Amino acid sequence: MTRRRTTALLVAIVVLATALWVAGVHVWWRVDVLHRIAETLPLALVFVLAGYAVYTRRLSRALDAASKEARDAVMEAAANDALLGAVVHTATDAIITSDSTGTIRTFNSGAEAMFGYRADDIVGQRVNVLMPTGEARDHDSYMHQFHETGKANIIGIGREVVGRRHDGAEFPAHLNVNEIDLPDGKGFAGIIRDITDDVTVREALEASEEASRRMLSAVPEHVMRVRADGFILDFLPGGDADDPSDFIGKHAEEVFGAEPAAQLLRCIARCFASGA
């Protein structure tokens with residue numbers, strides 16, 4: 001019984017000694033690791049701070065470059081807006097913008113000269129004040145259709161209209177309307193050109209041509225305008241005997257026969273040769 005107790009005591013002593021040795025090694029290892037960490041921590045912190053400094057410098061440069069690009073873009077946009085504003089303001093044609101309800105937003109100096117309104121007085125009014133009653137009614141119909149369907153049938157189509165000045169005088173004009181984007185929605189930009197002189201010249205030419213036709217139609221003989229190659233460009237019959245469509249665009253030989261056509265071409269050739 002005594003031997004067993006002695007053996008057990010020895011085993012217990014060995015186990016305890018082993019446990020203390022293991023615990024001592026573990027504590028030594030932890031202390032050693034902590035010591036090494038404490039030694040390397042300042043160096044690691046230096047590297048971290050250096051990396052952060054490089055990152056912040058690069059970030060600052062990138063932000064500066066982006067800021068410069070943004071400033072340049074804003075300045076370029078402002079310059080373009082100023083240039084566009086100068087072009088619009090000094091244009092001789094009337095340039096008018098309105099919102100989707102037909103309310104005038106801008107009115108350039110060309111529009112002031114053409115219609116006789118000051119921009120400060122006309123901006124905010126309906127654009128149909130610049131039109132006679134009939135044109136204003138048509139414009140209201142266009143606007144109603146636009147709001148109902150979202151389609152503007154007159155967009156991008158140049159057409160002749162009648163404008164009305166501040167004093168009530170009406171004048172012929174050429175109008176071209178395009179859809180634009182406004183800060184608060186869709187709108188329209190109209191470019192208007194006074195074509196009074198063009199219409200006057202056109203009507204004078206039409207009246208002159210009509211007078212010439214009436215004079216020539218009273219002549220008993222046929223009057224033709226023939227190209228050098230024998231094709232008939234125009235034909236005015238003596239009286240009402242013939243239909244001009246039977247002659248215009250055809251060759252003289254087809255209409256009159258070979259010999260009369262040959263004589264006609266020889267006559268034309270002599271006229272060119274003599275300079276008549």
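Please refer to the structure higher up on the page.
Scoring rules and cut-offs
- Within each chain, residues carry numbers counting from 1 in the order of the written sequence.
- A pLDDT threshold of at least 70 governs which residues receive local features in this predicted model, and a stricter bar of 80 or more applies before side-chain atom pairs are shown or counted, although totals over entire chains, interfaces and linings include all residues.
- Side-chain measures here rest on the full set of heavy atoms in the structure, leaving out hydrogens and waters.
- For the purposes of this entry, the term helix denotes a DSSP run of H or I that reaches at least four residues, the term strand denotes a run of E that reaches at least two, and both are numbered from the N terminus.
- Only protein chains enter the accessibility calculation, which uses a 1.4 Å probe; a residue whose area is less than 20% of its type maximum is buried, one above 50% is exposed, and one in between is partly exposed.
- Exposure was quantified through the Shrake-Rupley algorithm and a 1.4 Å probe, taking into account, for residues, occlusion by the shown protein chains and nothing else.
- When DSSP finds two or more bridges between two strands, those strands count as paired.
- The angle between two axes is taken between their N-to-C directions and runs from 0 to 180 degrees, where each axis is a line fitted to C-alpha atoms and a helix contributes only its stretch in contact.
- Salt bridges are identified by distance alone: a Lys or Arg side-chain nitrogen within 4 Å of an Asp or Glu carboxyl oxygen.
- Nine residue types can take part in a nonpolar core, namely buried Ala, Val, Leu, Ile, Met, Phe, Trp, Tyr and Cys, and a core is a set of them joined through side-chain atoms within 4.5 Å.
- Residue contacts follow a heavy-atom distance rule, with two residues in contact if any of their heavy atoms lie within 4.5 Å.

Draft legend 1. Inspection of the overall build of the chain at higher detail. Counting its secondary structure elements, the chain contains 7 helices and 7 strands. Put simply, the chain runs from its N terminus to its C terminus through helices and strands in the order α-β-β-α-α-α-β-β-β-α-β-β-α-α. Per-residue burial over the chain gives 21% buried out of 276 residues. For the chain, the exposed surface amounts to about 19,500 Å²; the carbon and sulfur share of it is 61%.

Draft legend 2. Just the environment of Ala262, in detail. Locating Ala262 in the fold gives a position in helix H7 (residues 258-274). By relative accessible area, which is 25% here, Ala262 ends up partly exposed. A C-alpha to C-alpha distance of 8.6 Å links Ala262 and Ala252, two positions 10 residues apart in sequence.

Draft legend 3. Seen up close, the sheet that holds strand S5 (residues 185-194). Spatially, 5 strands are ordered S2-S1-S5-S4-S3 in an open sheet, and the strand pairing comes out antiparallel. The two strands at the open ends of the sheet, each matched to only one other strand, are strand S2 (104-107) and strand S3 (159-164). Across the sheet, the axes of successive neighbouring strands diverge by a mean angle of 35 degrees, strand direction being ignored. Note: S3 against strand S4 (residues 170-182), 6 bridges, orientation antiparallel. Paired with Gly163 across the two strands is Phe171, which belongs to S4.

Draft legend 4. Looking closely at the pattern of salt bridges. Under the definition given, this model contains 10 salt bridges. With a shortest N-O distance of 2.6 Å, Asp184 and Arg105 are connected by a salt bridge. Within this pair, whereas Asp184 is found in the loop between S4 and S5, its partner Arg105 is found in strand S2, the two being separated by 79 residues in sequence.

Draft legend 5. Region of the structure containing the nonpolar core. Counting residues in hydrophobic clusters, the biggest one holds 24 residues, and the most contacted among them are Ile96, Ile104, Phe107, Phe115, Ile122, Leu130 and Ile192. When residues of this core are traced back to their parent elements, those giving at least two are strand S1 (94-99), S2, helix H2 (109-115), helix H3 (119-122), helix H4 (133-149), S4 and S5. For this core, the leading source of residues is S4, giving 4 residues. Sequence-distant contacts of Ile192, that is, excluding residues within four places in its chain, are made with Asp93, Ala94, Ile96, Met114, Phe115, Ala173, His174 and Leu175.

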